[in-house]
Amino acid sequence: MASPKLPRAVLGEMPRIGGSLPKVAASNPASRLSVISQHFAGSPQALSASAPYQSRSLSSSPPSRMSSQPSHSTLLIPGPIEFDDAVLHSMSHYSESHVGPGFVATFGETLSMLRKLFQTTSSSSQPFVISGSGTLGWDLVGANLVEPGENVLVLSTGYFGDNFGDCLKVYGANVDILSAPVGSRPQTPEIERALASKKYKLVTVTHVDTSTGVLSDVKSLSETVKRVQPESLVIVDGVCSVASEEIEFDEWGLDGVVTASQKAIGCPAGLSISMFSGRAMKALEARKNPPASYFASMKNWRPIMQNYEAKKPSYFATPSPQLIHALHTALSQILKRPLSERFAKHREVSDKIKKAVTELGLKQVAGNSEDQAHGMTAMYLPESVKATDVLPKLAGKGVIFAGGIHKEIAAKYVRFGHMGVSVTDPARGDIDKAITALENSLTECGYQKS
């Protein structure tokens, strides 16, 4: 069974922006860590330790095929997700040299496929695949694209937006956070006022904040930034959106998207994946000081990535051949069909789940439909039901949901991750199983829809 995704590092404090002008409201990283720690202490994985594992049949009765994976509960948290057999088989690839011709070819093809996933054809765009978690993407941004004393505007829709700001503060950035009430996102007039207040080197946004399930309108944001402050770089945290939400890197004029392997891409955790624009690379070259990290230095990694993509052996730090093989398989599966079909399927399944949640009488954390992610659903529980009651009941039925992690509402909601193979392979039955388990678990907790 996959272990729970650890929280991203929480560092520092910073001012926030609210209304038309900046106003200071100190964040509390220690408090956020406490909320996360409580969540993991009562995580469904731990709670379900005594529950029987469920048979992994990939179709409804009678089964037409079975997975080669050991029987296990269905993991439907917002990452890590369930993985396809072929991806896991790739992890068992025999040991090989990271500079040998076979692996170099695989890595080069992987980098080229990432260009297709991010929808960029610009030769100046630069993909990076580095061993690490999604959090490493934050460090790549902080260490390479911002220097001490430069201003950064962080648009936050939850826990991870706040923490992105915390990370950038460590690298000396002057960080302003423009946030919104829980379950919503900053609106265009607010963003325009913030951009008019000072010059920003970067504007960052979390495409889908895993803590709230809020989806930001990245296309509209980029248009706003280009109109009001075109010299600012637009950086997207796409950890919980890449491969489940539409991202058009070139068309939208993005300068950076950072993500990770274990969510909608459908590869085991351990790879930081990112794409940066030619503008971002020029900003890197124009730095007054060297990058503020050794391992996370793009100046160290960029020639390595360029050589691998050109099918030339290169070395800075040892990559994970097995994870790269798994990512190669996952990307090959994704790109077998048009990306538009994949995104449409995630929207279709998301609509089905949200309809079921509404029919159960539950409300989503993201109240407006246009603010709701398509790869996860964060739902408030009835007042009479506690997460610590319903999560074990779900686990007993072979379904793993995640508890809440946003400090203001942590005990009031749970999160249902629906992305990747659980969505694209309906024969698995993961989604229907989860909806039924949720309804039955709420009933067992004494809930009756009014």
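Structure: see above.
Computed from a prediction, not measured in an experiment: that's the story for all the values here. Each chain has its residues counted from 1, running along the sequence as written. Restriction of local features to residues with pLDDT of at least 70 applies here, the model being predicted, together with a cutoff of 80 or more for giving and counting side-chain atom pairs; totals for whole chains, interfaces and linings are based on all residues. The side-chain quantities take in all heavy atoms of the structure and omit both hydrogens and water.

Concerning helix α7 (residues 188-197)
Listed in full, the buried residues belonging to α7 are Glu190, Ile191, Ala194 and Leu195. End-on, the buried residues of α7 take up no more than an arc of 130°, which puts them together on one face. Residue burial is assigned from relative accessible area. The probe radius is 1.4 Å, only protein chains are included, and a residue is buried under 20% of its type maximum, exposed over 50%, and partly exposed in between. The secondary structure listing takes helices from DSSP runs of H or I that are at least 4 residues long and strands from runs of E that are at least 2 residues long, numbered from the N terminus. This arc corresponds to the set of directions leading from the helix axis out to the C-beta atoms.

Notes on the packing of helix α4 (residues 101-118) against helix α10 (residues 298-309)
Contact pair α4 / α10: the axes reach a minimum separation of 7 Å and the direction vectors enclose 100°. Judged by the inter-axis angle, α4 sits roughly perpendicular to α10. Contact residues: Phe103, Val104, Phe107, Gly108, Leu111, Ser112 and Arg115 in α4; Met305, Tyr308 and Glu309 in α10. Gly counts as polar in this scheme, as do all residues outside two lists: the nonpolar Ala, Val, Leu, Ile, Met, Phe, Trp, Tyr, Cys and Pro, and the charged Asp, Glu, Lys and Arg. Grouping the constituent residues of the contact of α4 with α10 by class yields 6 nonpolar, 2 polar and 2 charged. Lines are fitted to the C-alpha atoms to define the axes, a helix being fitted only along its stretch in contact, and any angle between axes, read from their N-to-C directions, falls within 0 to 180 degrees. Orientation categories follow fixed angle ranges, with anything under 35 degrees roughly parallel, anything over 145 roughly antiparallel, 65 to 115 roughly perpendicular, and all other angles oblique. Should any heavy atoms of two residues lie within 4.5 Å, those residues are considered in contact.

Here we look at the environment of Val228
When you line up the elements, Val228 lands in helix α8 (residues 218-228). Separated by 35 residues in sequence, Val228 and Arg193 place their C-alpha atoms 9.5 Å apart. When residues no more than four places from it in sequence are discounted, the contact partners of Val228 are Glu192, Leu195 and Ala196.

Notes on the side chain of Ser274
Looking at where Ser274 falls in the secondary structure, it is placed in strand β12 (residues 271-276). The residues touching Ser274, leaving out its near neighbours within four places in the chain, are Gln126, Pro127, Phe128, Leu140, Val257 and Val258.

Quick word on helix α6 (residues 159-170)
Spanning 12 residues, α6 covers 17 Å between terminal C-alpha atoms, matching the ideal 16 Å at 1.5 Å per step. Most of α6 sits inside the fold, with 10 of its 12 residues counted as buried. Where α6 is concerned, the buried positions are Tyr159, Phe160, Gly161, Asp162, Asn163, Phe164, Gly165, Asp166, Cys167 and Leu168. Phi turns positive, to about 90°, at Gly172, one or two residues after α6. Expected span of a helix, by definition, is 1.5 Å for each gap between consecutive residues, and there is one gap fewer than residues.

Examining the nonpolar core
Core analysis: the biggest nonpolar cluster contains 96 residues, and Leu114, Leu117, Leu254, Ile265 and Phe276 have the highest contact counts within it. The leading source of residues in this core is α4, at 8 residues. Throughout, nonpolar core names a set of buried Ala, Val, Leu, Ile, Met, Phe, Trp, Tyr and Cys residues whose side chains join them through atoms within 4.5 Å. Core analysis: the second largest hydrophobic core is formed by 26 residues, Val385, Val390, Phe401 and Ile435 among them.

Quick notes on the pattern of salt bridges
Only one rule defines a salt bridge in this text: a Lys or Arg side-chain nitrogen within 4 Å of an Asp or Glu carboxyl oxygen. Counted by the stated rule, this structure contains 14 salt bridges. Of the charged contacts, one joins Glu348 and Lys345 as a salt bridge, the two residues approaching to 3.4 Å between their closest N and O atoms. A residue pair is termed a helical-turn pair when its members lie 3 or 4 positions apart in one helix, as Glu348 and Lys345 do in helix α12 (residues 339-359) at 3 residues. A relative accessible area of 24% means that Lys345 is categorised as partly exposed. Between Lys355 and Glu359 there is a salt bridge; the shortest N-O distance is 2.5 Å. With a gap of 4 residues between them, Lys355 and Glu359 both fall in helix α12, about one helical turn apart. Judged by its relative accessible area of 51%, Lys355 is exposed.

Let's talk about the pairing of strand β5 (residues 151-156)
Burial analysis of β5 places 6 of its 6 residues in the buried class, which makes it a mostly covered element. With 6 bridges joining them, β5 and strand β6 (residues 174-179) adopt parallel strand pairing. Following the sheet pairing, Ser156 is matched in β6 by Ser179. Orienting the strands away from the viewer, one traces the path from the first strand over the helix to the second; a clockwise path indicates a right-handed crossover. Between the parallel pair β5 and β6, the chain is carried across by α6, and the sense of this crossover is right-handed. By the bridge criterion, 4 bridges tie β5 to strand β7 (residues 202-206) in an arrangement that is parallel. Bridge pairing links Val152 to Leu202 in β7. Strands are treated as partners if at least two bridges between them are detected by DSSP.

Considerations on the environment of Ala143
Here Ala143 is to be found in helix α5 (residues 135-144). Considered as a pair, Ala143 and Met298 are 155 residues apart in the sequence and their alpha carbons are 8.5 Å apart. When near neighbours in sequence (up to four residues on either side) are disregarded, Ala143 contacts Tyr171, Arg287, Pro291, Ala292, Ser293 and Ala296.

Digging into the packing of aromatic side chains
A pair of aromatic rings is counted whenever rings of Phe, Tyr or Trp (Trp by its six-membered ring) have centres within 6.5 Å, and the orientation is called stacked for planes under 30 degrees apart, edge-to-face for over 60 and tilted otherwise. Using the criterion set out here, one finds 10 aromatic pairs in the structure. Judged by centre distance (5.9 Å) and plane angle (75°), the ring pair of Phe128 and Phe276 falls under edge-to-face. Placement of Phe128 in strand β4 (residues 126-131) and of Phe276 in strand β12 is noted, with a sequence separation of 148 residues between them. Of the residues examined, Phe128 reaches a relative accessible area of 0% and is grouped as buried.

Quick look at the packing of α5 against α6
As a packed pair, α5 and α6 sit with axes 9 Å apart at the nearest point and diverge in direction by 40°. Taken as axis vectors, α5 and α6 run oblique relative to one another. Here α5 runs over α6; the crossing is right-handed. Contact residues: α5 offers Trp138, Asp139, Val141 and Gly142, while α6 offers Phe160, Asn163, Phe164, Cys167 and Leu168. By convention, the crossing between two helices is left-handed when the near helix turns anticlockwise from the far helix through less than a right angle, and right-handed when the turn is clockwise.

Considering the sheet that holds strand β15 (residues 402-403)
An order of β13-β16-β15 is seen for the 3 strands of this open sheet, with the pairing classed as antiparallel. Two strands close off the open sheet at either side, each with one partner strand: β13 (376-380) and β15. Examined bridge by bridge, β13 and strand β16 (residues 413-417) share 5 bridges and lie antiparallel to one another. Counterpart to Met379 in the pairing with β16 is Val414.

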